[in-house]
Structure formats: C-alpha cells, structure tokens
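# Examining the three-dimensional arrangement
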Amino acid sequence: MTGFSPVASAQAEELVIESWRNDDIDIWNKQIIPAFNKSHPDVQVRFAPTPPADYNASLNAKLAAGTAGDLITCRPFDVSLDLYNQGHLTKIDAVEGMENFSDVAKSAWQTDDGSTTFCLPMASVIHGFIYNKEAFKELGLEVPKTIPEFMKVLAAIKDEGSYAPMSMGTADQWEAATMGFQNVGPNFWNGEEGRKALIAGKEKLTDAQYIKVFEHLAEWGPYLGKGYQAQSYPDSQNLFSLGRAAIYPAGSWDIATFNSQADFEFGAFPPPVPEGQSTCYISDHTDIGLGINAASKNVKAAETFLSWMTTAEAGELMSNALPGFFALSNHKINLTDPVAKEFVGWRDSCESTIRNSYQILSRGTPSLENDLWNVSVGVINGTMTATEAAEKAQTGLSSWYKPQQ
C-alpha cells in the first residue's frame, strides 16, 4: 500500500473560484468552464460564488482560515491591493497571455508604482448614453456628437413634451457621479492624461477643465423630468424601459436590464465632445479581475486557467454571455448583442480611461469618490455652483493627500 488515494488526487486538481457574482453561476457552469475543459480536461473547475454584499467579509474569513478557493475574483483597486499586500494574492506578470492587456486595463490590479500585477483584468464596463431609437425617429432627431448638439436634442425633446428628455435621478447620489461626472468628464480632462495628473498633484479639481464638467452637469437639471430629485436608480431604469424617457445616461451593464424589459429598439452613443474637440475619451472602467490565492495547493493549474482566460476565445465567450461586460484584452472579439457592439466599438475611435477617483484618490477621509457623489448632485440640483463643487472636492482631497497640498 502506497497510501495513494484517487479521490484525494482528484480533489487536488480541482480549482475553486471565489466570486461575488452569484448571478453568473449558470454562465460559468454551462459556458466558460466547459469551454476551458475542451482543451484542459484534466483540470476541474468549480465556481463557488458568495452574495455580493457578503463577499469581502466572507473572503477575508476564508483567507484567514486557509479555506479560500484557488482563484479569487478581484474587485478593482484598493480592496484587492490590500489582499496582495497581506500576501494573499500572487504576482502574475509572468503568466502567459498577460502581454495582451494594456497598462490602463491592468491599472486596477497593480501596485501603485505599476511594477507588479496581481489579478488578471477580466472585464470592464463602459459609460455613455442609451437612447430610445423609436423616440428619436418619431421626433426627427439625430444622435448628437458634440455637447451643443446634445443640449439642442434635449431641448427639442422637452419642447415636444412626449418624453422626459433624460432619465436620471439624484436621490441615490452615486448615479449623478458615475453616470454624470465620470461619464462626460474624461472629454474635459483628457482621459488618462488628466487622471494621472491629479494623482501626481500636477492638476487640481479647481482647474478650469473640472469647473467646465460641473458647468455642463448643471445644464442637465432642467431635462431630467419632474421629481428627479427623489428618483432612485431603479426608478431611472424603469422610466426608460417603460418608454417614457428618450435618453438614459448609462453604464453598459444596463444593457441586459433593457434587453429584458424594454419593448422598443434602443441604441447607444458615446459622451458628446466639447465644441471643436477632435479627440474623444470614454470611461472604459476596469470592473472584474481574477487572481491566484497564494495559499493554493494548485498554483500551476490556476496559472493554466488564468492563461486560458487571457485568450480571445475566453474574452469573446464572456463578453457575449454578459452583454455590457467587456473583455479587457486587446484581442478583436465578435459580439452578438448590437448595443454591446456599439459600446465596445468606441474603443476604436476614442481613448480609454477609468474613473478618476478610483485609484489612490479615495483612500483618505473624506473619500474623493463620496465627495464627487455629493457635489455632482449639488450642481445638477442647482444647490451648488460649479466653482463651489470644484472647491469642495479639492478641499477634501488636499486635506489628506500630500501631492495635492
């Protein structure tokens, strides 16, 4: 007797994936894992999600107890950076296929100096505007390319009166910052150039480009429909899906909701650029990563799975299974959802960036992210001027972040 156990051996080769995306369990079990096993039948994979609200606490408890899975689904920026700094995630720069990702794609899962990557960039979400194609045709409107054209479209919809021009509320606050400030802002601060300049302390939130963003947001208020100040995010989704609003400031994750709820044809357009500006910028925001548990007994198999996830096959599979969540690799992928195809197509004509408050700048108190929620609401509701909004955000950031002092 050698003590060999075929059961133990099989268990040793099983990879367990920790994730907060419990809604995706069928996609993993019926599409992603079977596709991987066609070329790697000897590596078994089990997707073991936790409800989103419980994920961080549950994962930390499992890591502390040594019971966490082999692969860790990574939230962007500081939460995952903390896991790496605590020794829970491995360095994966040498994994085959990592060269398929840009510095922007990897930035959410790297050390501050960019020298080490600890999670595979798996999916991003893109910001823009979703619009009711039938309403636009009915009203004789064309998709706006510049901000002046955008404002003329909103005014025409309001004057005609059949639809709310735009469906967004300020009750939940985050929506005003995420679908407002972070959506249109990159066209004003030149995407990655401006985002990195804030981190370096070379630009400030009181500079003219940021005041112009807030001035533009202040123009939105009259076009958001009656009672928008009390309108929640689900209310905004419902208003648009019921066909009562013509435009919806969007994250691409909303595509699936409208596919299931809207009974009209809808499309998408990128954030309109300021008059006379030739370069466009989009928020192509890093959202989901995948890393290796440093305590895994199956690191080689985990690296094999990660390497497969860098391929065009895996990227295309996931992007089509989850319309509005886009592979971050530089492979050309074929999408079947027409609106998802519109969103991802902007990568060919616009420069990609990520939300400017997410890396480094929201570590202190007050958090820049939370301040941007508050001031974005203020300018849209008309309770704060653009200059006041910029000064409040800058004062909060410079109170704790040394490069901004």
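We now turn to the structure provided with this report. This one's a predicted model, so the numbers in the text were calculated from it and none came from an experiment.

Once that is clear, we can look at the overall build of the chain. For the chain, the count of helices and strands is 18 helices and nine strands. Its C-alpha atoms give the chain a radius of gyration of 22 Å, near enough to 22 Å, the size a compact globule of 405 residues would have. Oriented by its inertia axes, the alpha-carbon framework of the chain measures out at about 85 × 50 × 35 Å. Counting over 405 residues, the chain shows a buried share of 56%. Carbon and sulfur atoms form 50% of the exposed surface of the chain, whose accessible area is close to 17000 Å². Computing the positive centroid from 29 side-chain charges and the negative centroid from 49, the chain places the two 2 Å apart.

Next up on the list: the packing of aromatic side chains. For the coordinates displayed, the defined rule picks out 26 aromatic pairs. Both rings, one in Trp 28 and one in Phe 47, keep their centres 4.9 Å apart while their planes meet at 10°; by these two values the pair is stacked. One end of the pair, Trp 28, is in helix H2 (residues 25-39); the other, Phe 47, is in strand E2 (residues 44-49), with 19 residues separating them in the sequence. There is no split in this pair, since Trp 28 and Phe 47 are both buried. When the centroid spacing of 4.9 Å and the interplanar angle of 90° are considered together, the rings of Tyr 248 and Phe 258 count as edge-to-face. In this pair, Tyr 248 is assigned in strand E6 (residues 245-251) and Phe 258 in helix H13 (residues 254-261), connecting sequence segments 10 residues apart.

Attention shifts here to the environment of Thr 336. Inspection of the secondary structure assignment puts Thr 336 in the loop between helix H15 (312-321) and helix H16 (338-345). Overall, the relative accessible area of 63% leaves Thr 336 in the exposed class. Expressed as a C-alpha distance, the spacing of Thr 336 and Val 213, which sit 123 residues apart in the sequence, is 34 Å.

Here we come to helix H8 (residues 174-184). The element H8 is largely enclosed, with a buried count of 10 among its 11 residues. For H8, the set of buried residues is Glu 175, Ala 176, Ala 177, Thr 178, Met 179, Gly 180, Phe 181, Gln 182, Asn 183 and Val 184.

Of the two faces of strand E7 (residues 266-269), the one holding Phe 266 and Ala 268 and the one holding Gly 267 and Phe 269 are both buried throughout. Looking at chain direction, strand E4 (residues 120-132) and E7 are connected through four bridges and run antiparallel. Along E7, the bridge assignment pairs Tyr 131 with Gly 267.

The next point concerns the packing of helix H11 (residues 208-218) against helix H18 (residues 386-398). Where H11 contacts H18, the two axes come as close as 8 Å, and the packing angle between them is 130°. Relative to H18, H11 is oriented oblique. Crossing of H11 over H18 shows right-handed handedness. Note on element contacts: H18 touches H11 through Ala 386, Thr 387, Ala 389 and Ala 390, opposite Ile 211, Phe 214 and Glu 215. Among the residues forming the contact of H11 with H18, the class breakdown is five nonpolar, one polar and one charged.

Before going further, it helps to spend a moment on the state of the cysteines. This model, assessed by the stated rule, comprises two disulfides. Each sulfur in the disulfide pair Cys 74 and Cys 119 lies 2.1 Å from the other. Judged by the sign of its S-S torsion, about -70°, the bond between Cys 74 and Cys 119 is left-handed. Taken as a pair, Cys 74 in strand E3 (residues 71-74) and Cys 119 in the loop between helix H5 (103-106) and E4 lie far apart in primary sequence, 45 residues in all. Judged by its relative accessible area of 1%, Cys 74 falls in the buried class. Residue class for Cys 119 comes out buried when judged on its relative accessible area of 0%. The connectivity of the disulfide-linked cysteines in the chain, indexed sequentially, is 1-2, 3-4.

Rules and cut-offs
Residues numbered from 1 in each chain as written. Predicted model: local features only at pLDDT ≥ 70, side-chain atom pairs only at ≥ 80, totals over all residues. Heavy atoms only, no water. Helix = DSSP H or I, 4+ residues; strand = E, 2+ residues; numbered from the N terminus. Rg over C-alpha atoms; globule rule 2.2 N^0.38 Å. Buried < 20%, exposed > 50% of the residue type's maximum accessible area, 1.4 Å probe, protein only. Areas by Shrake-Rupley, 256 points an atom, 1.4 Å probe, with all protein chains shown as cover. Lys, Arg positive; Asp, Glu negative; His and termini not counted. Charge placed at Lys NZ, Arg CZ, Asp CG, Glu CD. Phe/Tyr/Trp six-rings, centres within 6.5 Å; stacked < 30°, edge-to-face > 60°. Pairing = 2+ DSSP bridges. Axes fitted to C-alpha atoms, helices over the stretch in contact; angles between N-to-C directions. Parallel < 35°, antiparallel > 145°, perpendicular 65-115°, else oblique. Left-handed = near helix turned anticlockwise from the far one by under 90°. Contact = heavy atoms within 4.5 Å. Nonpolar A, V, L, I, M, F, W, Y, C, P; charged D, E, K, R; others polar. Disulfide = S-S within 2.5 Å.

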